[in-house]
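Listed here are the chains, written in short residue letters.
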Amino acid sequence: MNAVKNWMHIALGVVTSFGGFLEAGSIATSIQAGAEYGYSLLWVLLLATVCLVTLIEMSGRLAAISQHTIAGAMRERFGLTFFLLPLVGVAIVSVLTLAAEVGGVCIALQLATGVAFQWWALPVMLVIWLLLWRGTFGIIENGVSLLGLVTVVFIVAAVRLHPAVGDVAAGLLPSAPPYEASRYGFLAVSIIGATLTPYLFYFYSSGVVEDGWSSEDVPTNRFVAAFGMGFGATLAAAVLIVAAVVFPRGARLESYDQMAPILIEALGSWGFPLFVAALGIACFGAALEVSLALAYMVAQGFGWNWGENARPRDAARFSASYTIALILATALVVIGLDPLAVTNLAMVLNAALLPLAVVPFLVLMNDREYVGDQTNGRVGNAVVLGVVTLACVLAVVSLPLELLGG
């Protein structure tokens with residue numbers, strides 16, 4: 001019985017890692033970073049990973065000890081009026097992120113069939129909605145974890161391409177932009193935004209409550225956070241490394257069509273279908289995760305009944321929340337907005353939004369009423385605040401420059 005419970009805990013970490021690393025944002029930004037700057041942005045991914053491990057561990061610790069989700073605790077601690085600030089901000093960016101994920105699935109289907117991505121938007125939305133409506137948290141958690149293992153092909157490809165180990169290691173050390181500093185900064189903040197998407201923390205804390213964790217699971221939570229996020233970071237790093245080897249240095253990739261051949265050199269004729277499968281499955285799993293996270297945040301913030309394990313009629317407003325989010329996100333795909341452009345914009349806005357979503361969370365993690373004697377240490381607080389500040393500054397500076405440059 002304990003073995004089954006531990007597997008469920010690990011599955012939560014793995015499925016959350018797919019939302020943090022292997023989805024539309026991380027696949028696109030890692031490929032663009034590798035193609036344009038080689039290995040030199042690996043250090044940004046490493047920094048973001050350390051911060052994400054810390055935040056995910058905090059999310060699980062808060063939920064396991066207090067039996068409060070982040071959204072529920074924030075509303076209780078600061079009041080509804082204050083909570084509306086992060087709620088509105090996260091909701092807007094999450095709908096954009098959801099559009100990027102739905103668009104990613106549709107692009108994968110377009111690459112596979114030749115049928116324009118807009119035509120796939122409604123069928124994809126319907127499948128996602130049916131899984132959310134009829135499924136349980138366990139089905140989504142374990143299903144996404146198992147299907148998402150197809151993304152391991154990027155690690156296989158990276159190994160087969162034999163990248164120079166010394167060059168890869170050098171990329172893990174902070175470095176100045178080799179050229180086009182504004183573009184370098186834009187891709188750096190895109191990587192951070194793709195990794196530290198605020199919905200991840202809300203999803204993970206809600207999953208801890210849904211799975212029935214308790215204070216006894218705090219040590220396991222540390223392992224799950226490190227293992228799950230470490231696994232996802234390895235996959236994202238592999239994507240960047242493969243792109244750095246395959247594409248000519250400085251290549252500006254502006255569509256998924258241009259990215260699609262990334263695995264062919266390493267995997268031959270299997271490369272294209274495996275890229276399509278990895279893109280489609282990763283984005284599909286992330287779309288489920290974003291939809292749930294947004295519904296969790298809204299329902300918990302307003303004190304409504306919530307839970308993916310609850311029947312829709314018993315948590316009607318929770319179910320309506322993810323339904324509305326899916327409709328809005330799908331509408332952006334149907335009207336033909338470029339999924340890659342939406343992805344890049346959403347990732348940078350995620351980074352700009354981080355202080356609003358994270359600072360109140362840090363206050364909770366230092367409040368003994370919620371976490372008892374398991375409050376944050378100074379190092380954890382410093383790491384999170386430092387990365388969040390860096391991300392926000394880079395987003396505010398680089399986004400206007402990128403838009404003007406484009």
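Residues numbered from 1 in each chain as written. Predicted model: local features only at pLDDT ≥ 70, side-chain atom pairs only at ≥ 80, totals over all residues. Heavy atoms only, no water.

Enquirer: Please explain unusual backbone geometry as it appears in this structure.
Expert: Most peptide bonds take the trans form, and the phi angle of most residues other than glycine is negative. Even without being glycine, His162 reaches a positive phi, approximately 50 degrees. For His162, the position within the fold is in the loop between helix 8 (153–160) and helix 9 (165–171). His162 sits in the exposed class, given a relative accessible area of 67%. The backbone of Glu180 sits at a positive phi, close to 45 degrees, despite the residue not being glycine. (Helix = DSSP H or I, 4+ residues; strand = E, 2+ residues; numbered from the N terminus. Buried < 20%, exposed > 50% of the residue type's maximum accessible area, 1.4 Å probe, protein only.)

Enquirer: Hey, could you run me through the side chain of Asn381 in this one?
Expert: Considering the arrangement of structural elements, one finds Asn381 in helix 19 (residues 378–405). On the basis of relative accessibility, which here comes to 17%, the residue Asn381 falls in the buried class. For Asn381, the residues in contact, after removing those within four places along its chain, are Leu362, Asn366 and Asn376. (Contact = heavy atoms within 4.5 Å.)

Enquirer: What is the right way to read the pattern of salt bridges from this model?
Expert: When charged atoms on two side chains of opposite charge get close, those side chains can pair. Within the structure shown, the criterion is met by five salt bridges. Between Glu36 and Arg183 there is a salt bridge, with the nearest N and O atoms lying 2.7 Å from each other. Here the residue Glu36 occupies a position in helix 2 (residues 24–37), and Arg183 occupies one in helix 10 (residues 181–195), the gap between them amounting to 147 residues. Look at Arg183 and you get buried, because its relative accessible area is 3%. Its salt-bridge partner being Arg77, residue Asp367 comes within 2.9 Å of it at the nearest N-O pair. Of this pair, Asp367 sits in the loop between helix 17 (339–365) and helix 18 (368–371) while Arg77 sits in helix 4 (residues 70–78), placing them 290 residues apart in sequence. Judged by its relative accessible area of 14%, Asp367 is buried. Exposure remark for Arg77: the relative accessible area of 38% places this residue in the partly exposed category. (Salt bridge = Lys/Arg side-chain N within 4 Å of Asp/Glu carboxyl O.)

Enquirer: I would appreciate a short explanation of the nonpolar core in the present structure.
Expert: In summary, soluble globular proteins display a tendency toward joint burial of nonpolar side chains. Ile31, Phe154 and Phe275 are the most contacted members of the largest nonpolar core, which has 146 residues in total. Counting residues per element, this core draws most heavily on helix 15 (residues 271–302), at 18 residues. Among residues more than four places away in sequence, those in contact with Phe275 are Ile31, Leu111, Phe154, Tyr256, Met259, Ala260, Ile262 and Leu263. (Core = buried A, V, L, I, M, F, W, Y, C linked by side-chain atoms within 4.5 Å.)

Enquirer: Looking at this structure, I do not really get the packing of helix 15 against helix 16 (residues 316–334). What am I missing?
Expert: The description of two helices packed together rests on the angle between their axes and the distance between the axes. For the pair helix 15 and helix 16, interaxial distance at closest approach is 8 Å and the crossing angle is 130 degrees. Looking at the two axes, helix 15 sits oblique to helix 16. Read as a crossing pair, helix 15 and helix 16 show a hand that is right-handed. Contacts from Ser291, Leu292, Leu294, Ala295, Tyr296, Val298 and Ala299 in helix 15 reach Phe318, Ser321, Tyr322, Ala325 and Leu326 in helix 16. Class assignment for the residues of the contact of helix 15 with helix 16 results in ten nonpolar, two polar and no charged. (Axes fitted to C-alpha atoms, helices over the stretch in contact; angles between N-to-C directions. Parallel < 35°, antiparallel > 145°, perpendicular 65-115°, else oblique. Left-handed = near helix turned anticlockwise from the far one by under 90°. Nonpolar A, V, L, I, M, F, W, Y, C, P; charged D, E, K, R; others polar.)

Any functional reading would require information that these geometric values do not contain.
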